[in-house]
Amino acid sequence: MSEDVRLVAWVRGHVQGVGFRWFTRAKALEIGGLSGFALNLADGRVQVVAEGAREGCDGLLDWLTGDDTPGRVDGVTEIWDTPRGGYDGFAIR
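The structure contained in this document is the topic of the report that follows. Predicted model, so just to flag it, every value in this text is computed and none were measured. (Residues numbered from 1 in each chain as written. Predicted model: local features only at pLDDT ≥ 70, side-chain atom pairs only at ≥ 80, totals over all residues. Heavy atoms only, no water.)

### As for the nonpolar core
1) Next: Counting residues in hydrophobic clusters, the biggest one holds 19 residues, and the most contacted among them are Val11, Val48, Leu60 and Leu64.
2) Next: Elements that contribute at least two residues to this core include exactly strand S1 (4-14), helix H1 (20-31), strand S3 (46-53) and helix H2 (54-65).
3) Next: Sorting elements by how many residues they give to this core places H2 first, with five residues.
4) Next: Setting aside residues no more than four positions away along its own chain, Leu60 makes contact with Thr24, Lys27, Ala28, Ile31, Leu34, Val48 and Ala50. (Core = buried A, V, L, I, M, F, W, Y, C linked by side-chain atoms within 4.5 Å. Buried < 20%, exposed > 50% of the residue type's maximum accessible area, 1.4 Å probe, protein only. Helix = DSSP H or I, 4+ residues; strand = E, 2+ residues; numbered from the N terminus. Contact = heavy atoms within 4.5 Å.)

### Side note on the packing of aromatic side chains
1) Next: Within the structure shown, the criterion is met by three aromatic pairs.
2) Next: A ring pair is formed by Phe20 and Trp63, whose centres lie 6.0 Å apart and whose planes are at 35 degrees; its orientation type is tilted. On the criterion of sequence distance, the pair formed by Phe20 in helix H1 and Trp63 in helix H2 is long-range, its members being 43 residues apart. By the burial criterion, Phe20 is buried, and Trp63 matches it.
3) Next: Ring geometry for Phe37 versus Tyr87: centroids 5.8 Å apart, planes at 55 degrees, classification tilted. Here the residue Phe37 occupies a position in strand S2 (residues 35-40), and Tyr87 occupies one in the loop between strand S4 (72-81) and strand S5 (90-92), the gap between them amounting to 50 residues.
4) Next: One Lys or Arg, Arg54, reaches over the ring of Trp80 and ends 3.9 Å from the middle of that ring.
5) Next: The ring of Phe37 has Arg93 lying over it, and the distance from NZ or CZ to the ring centre is 4.0 Å. (Phe/Tyr/Trp six-rings, centres within 6.5 Å; stacked < 30°, edge-to-face > 60°. Lys NZ or Arg CZ within 6 Å of the ring centre and 35° of its normal.)

In structure tokens:
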């Protein structure tokens, strides 16, 4: 059985105004079993919080750091934690 985790990722680059949050939500829903959100930050980054199975969060992080994202990702900083819950699906904020 898979361990549930919390992934918090900050994505740097040209990631606002290109549908990045929408595609992140679509990828999280495609992976399945993830809850959380994608949020534009004032400094131009996008914050992604995902909770669920470790494999699903790893898959989302692989996508965030890969070449298939909209815009241009210059880097991703992530931290891992225990889930906090309280999310209803995966939202765009």
